[in-house]
Every structure is written in C-alpha cells, then in structure tokens.
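Each chain, letter by letter, is given below.
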Amino acid sequence: QVQLVESGGGLVQAGGSLRLSCAASGSIFSINDMGWYRQAPGKQRELVASITRGGSTNYADFVKGRFTISRDNAKNTVYLQMNSLKPEDTAVYYCNADIITRTTWRSENYWGQGTQVTVSS
C-alpha cells in the first residue's frame, strides 16, 4: 500500500511564504511525475505545478515566478515553496504522484489527503 502525506500548510498573511512537503511511503519501486493541485471552495481542483523524475517542471500561469516545485528522489518527497502568497491562493493543496509499486509493477496515480493553506489579506 502507498501513502502520500502532506505537511506544511497553515495560515499566513498576504505576501508571506509557506513550504509544503509531501512524502510517499509504502511498497514503492519508482516514482515518475509528482505534482501539486489545489481546490478552493466551490471551485474545481486545478494543477499548480508538476515535476518529472528528471526534474523538468511545469507551472500554472497564476503561480509562475512565485512558487517553486522540487523533489528529493532519495526521500520520495516533493516540495512546493510558495512565496508572495495572495488571498486567492487560499485552498486545500493536494499532492499527486504516479507510482510504480512492488505489488502491481505498473504505474498508478495516488493522491494525498490535502493540506489547508489560508492567506489573509
């Protein structure tokens, strides 16, 4: 079984910073793409940023220049450094990963439980 556990969310004032972490654990053989999504109340879940195993990154336009995604393959962990936060960044942030497990030996998609980020004005 595989688990993705996020941490690092919280309450911050506009202009502040937060760093989210997501650690994958379980019967993991390899992790391919990892990413962060977010969902605000009444809105659909949307991609924030993604990163390949090799380190290539992709960002939503609304976070370019403010957020940075990175990963540590040895620790099966992905990070999201969020700077210059705005009230509209308030949402539940979810970790996502494509993982090949030692159980099925095929790539399957997994989600974390989410972590709340609230930015006050």
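Everything that follows concerns the structure shown earlier in this document.
We now turn to the structure provided with this report. (Residues numbered from 1 in each chain as written. Predicted model: local features only at pLDDT ≥ 70, side-chain atom pairs only at ≥ 80, totals over all residues. Heavy atoms only, no water.)

Comments concerning the pairing of strand S5 (residues 46-51)
Point 1. Direction of pairing for strand S4 (residues 28-39) relative to S5: antiparallel, over a ladder of five bridges. Bridged to Gly-35 within S5 is Ser-50.
Point 2. Pairing of S5 with strand S6 (residues 57-59) involves three bridges; the strand directions are antiparallel. If you follow Ser-50 over to S6, its bridge partner there is Asn-58.
Point 3. Counting the residues in the hairpin turn of S5 and S6 gives five residues, including Gly-55, whose phi is positive at 105°. (Pairing = 2+ DSSP bridges. Helix = DSSP H or I, 4+ residues; strand = E, 2+ residues; numbered from the N terminus.)

Quick notes on the sheet that holds strand S1 (residues 2-7)
Point 1. Strand order in the open sheet formed by four strands is S1-S3-S8-S7, with antiparallel pairing between adjacent strands. Each of the sheet's edge strands pairs with one partner strand only, and the pair in question is S1 and strand S7 (67-72). In this sheet, adjacent strand axes meet at a mean angle of 15° when their direction is disregarded.
Point 2. Two strands pair when backbone bridges link them, and S1 and strand S3 (residues 18-26) are joined in this way by six bridges, in the antiparallel orientation. Bridge pairing links Leu-4 to Ala-24 in S3. (Axes fitted to C-alpha atoms, helices over the stretch in contact; angles between N-to-C directions.)

Considerations on the state of the cysteines
Point 1. Counting across every chain of the model gives one disulfide.
Point 2. Disulfide pairing places Cys-22 opposite Cys-95 at an S-S distance of 2.1 Å. Note on the Cys-22 and Cys-95 pair: the S-S dihedral is about -80°, so by sign convention the disulfide is left-handed. Here Cys-95 lies in strand S9 (residues 91-101) and Cys-22 lies in strand S3, a separation of 73 residues in the sequence.
Point 3. What makes Cys-95 buried here is its relative accessible area of 0%. (Disulfide = S-S within 2.5 Å. Buried < 20%, exposed > 50% of the residue type's maximum accessible area, 1.4 Å probe, protein only.)

Looking at the nonpolar core
Point 1. Grouped together as the largest cluster of nonpolar side chains are 32 residues, with contacts concentrated most on Trp-36, Leu-80, Met-82, Tyr-93 and Ile-99.
Point 2. When contributions to this core are tallied by element, the ones reaching two or more residues are S1, S3, S4, S5, S7, strand S8 (77-82), S9 and strand S11 (115-120).
Point 3. The biggest single contributor to this core is S9, with five residues.
Point 4. Setting aside anything within four residues of it in sequence, one finds Leu-80 in contact with Leu-18, Arg-19, Leu-20, Trp-36, Val-48, Ala-49, Phe-67, Thr-68, Ile-69 and Tyr-93. (Core = buried A, V, L, I, M, F, W, Y, C linked by side-chain atoms within 4.5 Å. Contact = heavy atoms within 4.5 Å.)

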